[in-house]
Amino acid sequence: MAIYFLGWELEVLEERVRLIERRLERRTLRDTQNPYELPRSEFMDIFRLSPELSMDLTNNLRPFLKRDRNSGIPVEIQVLVAVYIYAKGSYQRATGDHFDLNVSQPSVSRCLHAVTDAINNTLLRKWVKFPMTLLERNNAREEFSNAPQPFEGAIGAIDCTFINILAPKVHEEAFVNHHGNHSLNVQAVVSPKLKILNINARYPGARNDSYIWSTSPIRRAMEYHYNNGERHTWLIGDSGYPLEPWLMTPLPHYREGTRQFKYTIKHCKARNVVERFFGVFKSVWRCLSYQRVLMYSPDMAGKIVNACAVLHNMRIYYRVPVEEENIDNWINDDYGVRHLEDNEMMERGGPRAVAMRIQKQIMQNWFPDYIDGDL
């Protein structure tokens with residue numbers, strides 16, 4: 001019996017020794033390999049950031065990322081671990097085993113949570129800002145007026161996209177979208193240069209675009225400015241959104257040669273920037289791709305979306321080049337618009353009535369040589 005217990009204790013001791021050896025090996029590799037020594041093109045391919053951007057990001061986050069002991073993971077590696085997960089959509093163990101990172105799976109998890117929280121708490125409001133001042137809104141209108149596909153008066157294009165997540169344990173059914181996948185329904189407002197003006201990653205996949213908009217602080221901001229006398233300023237969205245004085249939507253089902261048809265074509269071409277944005281956003285940050293699933297709680301998944309939004313805007317500021325995915329089929333059989341429900345088509349009261357008059361005036365000003373169409 002004593003011999004049996006002695007053998008068991010030896011096995012436990014040997015396993016502990018092997019674990020310590022693996023940790024020492026990881027630490028030795030991590031200390032001797034510096035990802036910043038990679039060729040620039042290879043670094044950018046792996047992390048989607050330039051070395052300069054990555055180092056500035058690290059310096060901004062350094063006061064908020066702990067290194068408990070001298071042998072702990074350097075802040076530079078903590079940041080790159082999180083960015084690598086955003087960029088590749090990899091599992092935590094595979095990320096830790098990457099030859100330039102060499103950290104354990106539990107350490108990867110801690111790095112991801114710490115860096116994601118730090119970005120959300122310290123950089124989100126700085127890098128993702130909706131135009132609120134008069135100067136900012138004038139500049140936003142001018143940018144849309146001078147865009148390759150202009151829409152005068154617009155300050156942003158709005159739409160939602162699904163980000164697949166792990167099925168949550170609480171209210172699981174609320175996160176099932178109309179494709180049958182568990183997801184968040186993420187709303188974004190973007191500029192013609194694909195800069196994110198607002199990101200909202202709080203709502204489950206079963207919530208539709210119109211509901212998310214109705215509860216959005218951005219809607220309240222647009223309504224506030226309108227009620228305080230600001231005119232000729234709106235967002236542009238598809239038919240999943242209600243027509244409002246501060247939100248212009250397309251007019252489906254009108255025949256060619258009418259003002260409504262020309263307006264809808266112009267509207268959808270201008271609104272295409274948000275479709276292009278989602279293509280770029282998900283191709284750069286592969287953790288958000290339709291082929292991936294964020295294996296985290298809805299709250300953490302939303303924070304990851306926000307972190308990727310910050311890095312997206314930082315890439316634009318630092319002029320990091322990106323190859324856009326080909327989006328040739330952005331305009332569908334009804335010119336990129338979705339059909340309204342019958343009760344929405346019949347709604348004529350309140351802000352919608354005012355919005356319809358504004359929309360009609362826009363069409364008359366833009367297309368004076370065309371006739372009004374009838375459904």
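Above this text is the structure in question.
In every chain, residue numbers begin from 1 and rise along the written sequence. The model is predicted, so local features are restricted to residues of pLDDT at least 70 and side-chain atom pairs to those at 80 or more, both for listing and for counting; the totals for chains, interfaces and linings are taken over all residues. Hydrogens are left out, water is left out, and the side-chain values use all remaining heavy atoms of the structure.

### A look at the side chain of Thr258
Here is step 1: By the criteria applied, helices consist of DSSP H or I runs no shorter than four residues and strands consist of E runs no shorter than two, each listed in order from the N terminus. Inspection of the secondary structure assignment puts Thr258 in the loop between strand E5 (247-248) and helix H11 (259-284).
Here is step 2: Here the term buried applies to any residue with accessible area under 20% of the maximum for its type, exposed to any over 50%, and partly exposed to those in between, with areas from a 1.4 Å probe on protein chains only. For Thr258, a relative accessible area of 0% puts it in the buried group.
Here is step 3: Any pair of N or O atoms that falls within 3.5 Å is considered a polar contact. Within protein, one atom must be able to donate a hydrogen and the other to accept it, and sequence-neighbouring residues count only if both atoms are side-chain atoms. Engagement of the side chain of Thr258 in a polar contact is seen with the backbone oxygen of Arg255, the distance being 2.8 Å.
Here is step 4: At a separation of 3.2 Å, a polar atom in the side chain of Thr258 contacts the main-chain amide nitrogen of Phe261.
Here is step 5: Whether two residues are in contact is decided by their heavy atoms, any of which lying within 4.5 Å being enough. If we skip the residues at most four places from it in the chain, Thr258 touches Tyr370, Ile371 and Gly373.

### Digging into the pattern of salt bridges
Here is step 1: By definition here, a salt bridge exists when the distance from a side-chain nitrogen of Lys or Arg to a carboxyl oxygen of Asp or Glu is within 4 Å. All chains considered together, the criterion is met by 11 salt bridges.
Here is step 2: The partner of Arg62 in a salt bridge is Glu76, and the shortest N-O contact between them spans 2.9 Å. Here Arg62 is found in the loop between helix H3 (51-61) and helix H4 (75-88), whereas its partner Glu76 is found in helix H4, with 14 residues between them in sequence.
Here is step 3: Arg62 gets classed as partly exposed once you look at its relative accessible area, which sits at 33%.
Here is step 4: The partner of Arg219 in a salt bridge is Glu244, with the nearest N and O atoms 2.7 Å apart. With a gap of 25 residues between them, Arg219 in helix H10 (residues 217-227) and Glu244 in the loop between strand E4 (234-236) and E5 connect regions that are remote in the sequence. Judged on exposure class, the residue Arg219 and its partner Glu244 are both buried.
Here is step 5: The network of salt bridges with shared partners includes Asp117, Asp299 and Lys303.

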